[in-house]
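Summary of the model geometry
Next come the chains, spelled out residue by residue.
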Amino acid sequence: MIRMTKLAGISLLVLLLTGCSEVNDFKPVAGMDVMDIYANACSGCHGEGGNGKFGILLKIAGTDESMDEIVDKVLNGGHIMPAFPNIDEKQAKNIAAYLKSE
Ligand code: HEC
């Protein structure tokens, strides 16, 4: 019984992780500013203003990553983080600047 629960937990985890590591089809609409884009595309995982969820989990405000690294993360995704092919480089740069300033 305990083994079954553990197995179910692991499958769920794998499902969650693989479900996340793909592509996010969020598409900014005209007139969205950087904060709108962040709120729609990123805050679900990284919390409001990049301050993370549940305290510090996935906090990215003021990250040590360089502007280029942040842009690369957004355009190409991370290990788990999805890629955002519909966010263009200029918008990604604005988001990066926003996160660095937080
Ligand atoms: C589905 C959840 C999810 C979404 C949505 C998401 N991220 Fe992430 N992000 C992650 C995870 C998980 C990591 C850490 C592991 C990795 O690289 O995948 C991460 C890592 C990062 C990092 C690196 C942080 C560091 O200091 O190492 C940056 C920067 C980042 N995300 C920015 C963004 C931006 C900007 C957006 C919105 C365009 C965004 N993320 C949307 C899950 C997400």
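Check the entry above for the structure.
Residues numbered from 1 in each chain as written. Predicted model: local features only at pLDDT ≥ 70, side-chain atom pairs only at ≥ 80, totals over all residues. Heavy atoms only, no water.

As for the overall build of the protein
A tally of regular secondary structure across the protein gives five helices and zero strands. In the protein, the order of α-helices and β-strands from amino to carboxyl end is α-α-α-α-α. A burial count over the protein gives 27% of its 102 residues as buried. Pairs at least 24 residues apart make up 54% of the contacts formed inside the protein by residues separated by at least 6 positions. Per element, the accessible surface of the protein, about 7200 Å² overall, is 61% carbon and sulfur. (Helix = DSSP H or I, 4+ residues; strand = E, 2+ residues; numbered from the N terminus. Buried < 20%, exposed > 50% of the residue type's maximum accessible area, 1.4 Å probe, protein only. Contact = heavy atoms within 4.5 Å. Areas by Shrake-Rupley, 256 points an atom, 1.4 Å probe, with all protein chains shown as cover.)

Observations regarding the coordination of the iron atom of the ligand
The coordination sphere of the iron atom of the ligand contains the protein donors H46 (NE2) and M81 (SD), at a distance range of 1.9 to 2.1 Å. Overall, the relative accessible area of 23% leaves M81 in the partly exposed class. (Donors = N, O, S within 2.8 Å, 3.2 Å for Na, K, Ca; no water.)

Some words on the environment of K59
One can find K59 in the loop between helix 3 (43–46) and helix 4 (67–76). Taking the C-alpha atoms as reference points, K59 and C45, separated by 14 residues in sequence, lie 9.0 Å from one another. Apart from the residues within four sequence positions on either side, K59 is in contact with G50, N51 and G52.

This is a description of form; function is not addressed.
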